[in-house]
Amino acid sequence: MVSFKKELYNSILAYQTYPPGLMLGKTGLCFFLTSERSRRNLAISQEIIDTLNSDLTLFRGFAISSGTSGFYLLLKYLKKCDLLDDGFQTNMSFVDEICDFGLNRYISGKNFDYLHGYLGIYNTFIYNIPSKQVQQNPQHFYNSSFDNILGFLDPQNPVFPFDKNIDQTRYLANMGLAHGIPSILSVLINHHKVFPSKENLKTITAIVDFILSKKRNACLLQSKFSSVLKKDNNREEEKESRLAWCYGDLGVNLCLLKASIVVGDNVLEQNIVGDLITTCKRRTYEETSVIDCSFCHGAAGLVYYYKKLYNRYKIFEFKDAYEYWERFILTRYNSHGIKGLNTFYGAKGWTLEYGILEGLIGIYLAFFDEDFDCGIFDYIFLTDF
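Residues numbered from 1 in each chain as written. Predicted model: local features only at pLDDT ≥ 70, side-chain atom pairs only at ≥ 80, totals over all residues. Heavy atoms only, no water.

So, on to the overall build of the protein. For the protein, the helix and strand inventory stands at 17 helices and four strands. A compact globule built from 385 residues would reach a C-alpha radius of gyration of about 21 Å, and the protein, at 20 Å, matches this within 12%. Counting only contacts in the protein whose residues sit at least 6 apart along the sequence, the fraction spanning at least 24 positions is 65%. Put simply, the protein shows about 16,500 Å² of open surface, and 50% of that area lies on carbon and sulfur atoms. Once the 40 positive and 42 negative side-chain charges of the protein are each reduced to a mean point, those two points are 2 Å apart. (Helix = DSSP H or I, 4+ residues; strand = E, 2+ residues; numbered from the N terminus. Rg over C-alpha atoms; globule rule 2.2 N^0.38 Å. Contact = heavy atoms within 4.5 Å. Areas by Shrake-Rupley, 256 points an atom, 1.4 Å probe, with all protein chains shown as cover. Lys, Arg positive; Asp, Glu negative; His and termini not counted. Charge placed at Lys NZ, Arg CZ, Asp CG, Glu CD.)

What follows is about the packing of helix α12 (residues 266-279) against helix α14 (residues 299-313). Packing of α12 against α14 brings their axes to within 12 Å, and their N-to-C directions diverge by 135°. Between α12 and α14, the angle falls in the class oblique. The element α12 and its partner α14 pack so that their crossing is left-handed. Here α12 contributes Glu269, Val273, Leu276 and Thr279 to the contact with α14, which in turn contributes Tyr306, Leu309, Arg312 and Tyr313. (Axes fitted to C-alpha atoms, helices over the stretch in contact; angles between N-to-C directions. Parallel < 35°, antiparallel > 145°, perpendicular 65-115°, else oblique. Left-handed = near helix turned anticlockwise from the far one by under 90°.)

What follows covers the side chain of asparagine 111. Looking at the element boundaries, asparagine 111 is found in the loop between α5 (89-108) and α6 (118-125). Residue asparagine 111 is classed as buried on the basis of its relative accessible area, which comes to 8%. (Buried < 20%, exposed > 50% of the residue type's maximum accessible area, 1.4 Å probe, protein only.)

Per the counting criterion, the structure on display carries 11 salt bridges. Here aspartate 371 ties to lysine 5 by a salt bridge, and the two come within 2.9 Å at their closest N and O atoms. Taken together, the residues span a long stretch of sequence, with aspartate 371 in the loop between α16 (360-367) and α17 (375-380) and lysine 5 in helix α1 (residues 2-14) at a distance of 366 residues. Residues lysine 308 and aspartate 378 are paired through a salt bridge, measuring 2.9 Å at the closest nitrogen-oxygen approach. Of this pair, lysine 308 sits in helix α14 while aspartate 378 sits in helix α17, placing them 70 residues apart in sequence. For the pair lysine 308 and aspartate 378, a shared accessibility class is recorded, and that class is buried. In the salt-bridge network here, residues are joined through shared partners; they are Lys193, Lys258 and Asp384. (Salt bridge = Lys/Arg side-chain N within 4 Å of Asp/Glu carboxyl O.)

Extensive coverage of helix α2 (residues 26-35) is indicated by the burial of nine of its 10 residues. Of all the residues in α2, the buried ones are Thr27, Gly28, Leu29, Cys30, Phe31, Phe32, Leu33, Thr34 and Ser35. Next to the buried residues of α2 lie α1, α3 (42-54), α4 (68-80), α16 and α17.

So, on to the packing of α6 against helix α9 (residues 181-194). Interhelical geometry of α6 versus α9 gives an angle of 20° and a closest axis separation of 10 Å. Of the possible angle classes, the one that applies to α6 and α9 is roughly parallel. Relative to α9, α6 is oriented so that their crossing is left-handed. Of α9, the residues touching α6 (which contributes Leu119, Tyr122 and Asn123) are Ser183, Ile184, Val187, Asn190 and His191. Looking at side-chain class alone, the contact of α6 with α9 contains four nonpolar, four polar and no charged residues. (Nonpolar A, V, L, I, M, F, W, Y, C, P; charged D, E, K, R; others polar.)

The phi dihedral of arginine 39 falls on the positive side, at around 45°, and the residue is not glycine. If you trace the backbone, arginine 39 turns up in the loop between α2 and α3. Located in the positive-phi region is aspartate 82, a residue other than glycine, with phi close to 60°. Within the secondary structure layout, aspartate 82 lies in the loop between α4 and α5. Taking the relative accessible area as the measure of exposure, aspartate 82 reaches 71% and is therefore exposed.

For the rest of this paragraph, the subject is α1. Its 13 residues give α1 an end-to-end C-alpha distance of 18 Å, which sits within 8% of 18 Å, the value for a rise of 1.5 Å per residue. Taken together, the buried positions of α1 are Phe4, Leu8, Tyr9, Ser11 and Ile12. Here the buried residues of α1 occupy an arc of 160° about the axis, which is enough to place them on one side. Opposite the buried face of α1, by more than 90 degrees, sit the exposed residues Val2, Ser3 and Lys6. On its buried face, α1 sits against α2, α15 (316-336) and α16. (Expected span 1.5 Å × (residues − 1). Arc of directions from axis to C-beta.)

Structurally, asparagine 174 is set in strand β1 (residues 171-174). Overall, asparagine 174 belongs to the buried group, its relative accessible area being 0%. Among the polar contacts listed, one links the side chain of asparagine 174 to the side chain of tyrosine 247, at a separation of 2.8 Å. (Polar contact = N/O pair within 3.5 Å; in protein donor to acceptor, adjacent residues only side chain to side chain.)

A cluster of acidic side chains, namely Glu47, Asp50, Asp85 and Asp86, defines a negative patch on the protein surface. Along the polypeptide, aspartate 86 turns up in the loop between α4 and α5. (Patch = residues over 30% accessible without salt bridge, like charges linked within 9 Å, V, L, I, M, F, W, Y side chains within 5 Å.)

Applying the stated rule across the entire model yields 33 aromatic pairs. A centroid spacing of 4.9 Å and a plane angle of 75° characterise the contact between tyrosine 15 and tyrosine 18, whose relative ring orientation is edge-to-face. Centre to centre, the rings of tyrosine 127 and tyrosine 379 are 4.9 Å apart; their planes meet at 55°, and the pair counts as tilted. On the criterion of sequence distance, the pair formed by tyrosine 127 in the loop between α6 and α7 (132-136) and tyrosine 379 in helix α17 is long-range, its members being 252 residues apart. Residue tyrosine 127 is classed as buried on the basis of its relative accessible area, which comes to 7%. Through a chain of ring-to-ring contacts, three or more aromatic side chains come together here, namely Phe4, Tyr9, Phe32, Tyr333, Tyr364, Phe367, Phe368 and Phe372. (Phe/Tyr/Trp six-rings, centres within 6.5 Å; stacked < 30°, edge-to-face > 60°.)

Quick look at the structure:
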């Protein structure tokens with residue numbers, strides 16, 4: 001394990017061509033280095049910040065995945081940790097304005113996606129220090145944004161949010177944590193933590209009830225939540241959804257668990273924990289769709305979350321599950337070295353990635369989470385319960 005840890009860490013630092021964004025790039029690398037409890041590479045972090053700060057056009061758009069809002073969240077995190085020099089304050093204000101423009105652009109285009117649209121930017125705004133726009137009139141800011149995406153709660157006139165490609169799909173809505181209705185729930189909970197209200201709690205409960213109403217009861221299906229809600233005229237056979245952060249039972253139930261805790265519903269919490277225990281039994285590719293070691297849709301995310309659940313509830317099944325998926329990753333590494341940790345992209349084949357979401361940083365974080373301030377990663381991945 002020592003050699004695995006050392007080679008993994010050195011590979012992350014040695015890679016030279018990170019793109020600028022959070023999930024795959026330099027912004028994520030800076031989160032990795034500055035959240036490390038030892039903070040042994042702050043000098044490298046400062047170099048990254050200087051590079052990104054000097055040319056904001058490096059970012060691809062505004063979204064949290066690859067755009068400016070991921071950098072804005074990094075600046076806020078560094079300020080919270082007292083790691084941000086005073087010279088960055090003016091730039092933070094400028095980045096805030098850029099992200100506000102992106103937020104309004106995504107709202108007008110009805111792009112509510114978490115990784116690639118509105119929700120990710122809004123989650124950035126309400127982290128630590130509210131943006132100027134939120135601070136000046138938080139209720140108006142809330143009404144002008146969230147009300148656009150809660151139409152699916154109205155049975156008489158539902159408006160189903162999906163990702164940015166809804167018009168080209170056969171589906172009504174996305175049910176994955178990375179892109180769909182569970183992410184709306186999680187961001188609303190984060191909003192409620194900053195601006196608590198009875199109305200927020202009422203809406204949170206309504207979204208929880210909606211998600212639970214879509215739980216499948218087919219006895220032959222191990223996955224209880226679909227990845228998508230299909231249109232009425234789409235009668236294709238129900239399929240198993242993957243077991244991952246991005247889609248399927250694990251991500252959905254983690255979001256429901258977060259909701260049960262914030263509303264203080266102990267019965268719901270225990271029911272969700274029971275469903276999460278059930279997911280531990282899924283191990284084969286046919287049952288999980290896990291083929292690689294990535295955090296997003298592979299084994300690293302399972303290691304991270306089952307370990308997180310075990311640390312909270314001390315239930316043996318969670319420990320057994322995270323140890324199983326650790327062995328899955330270590331077997332790949334022992335057989336093929338670092339290349340054994342490649343990410344699979346379907347028809348595009350296997351690629352060695354380095355970022356948080358689909359690469360080596362996410363794998364390192366899963367194995368050695370005790371070395372980090374994981375609260376910021378839980379916030380990024382909407383699982384801060």
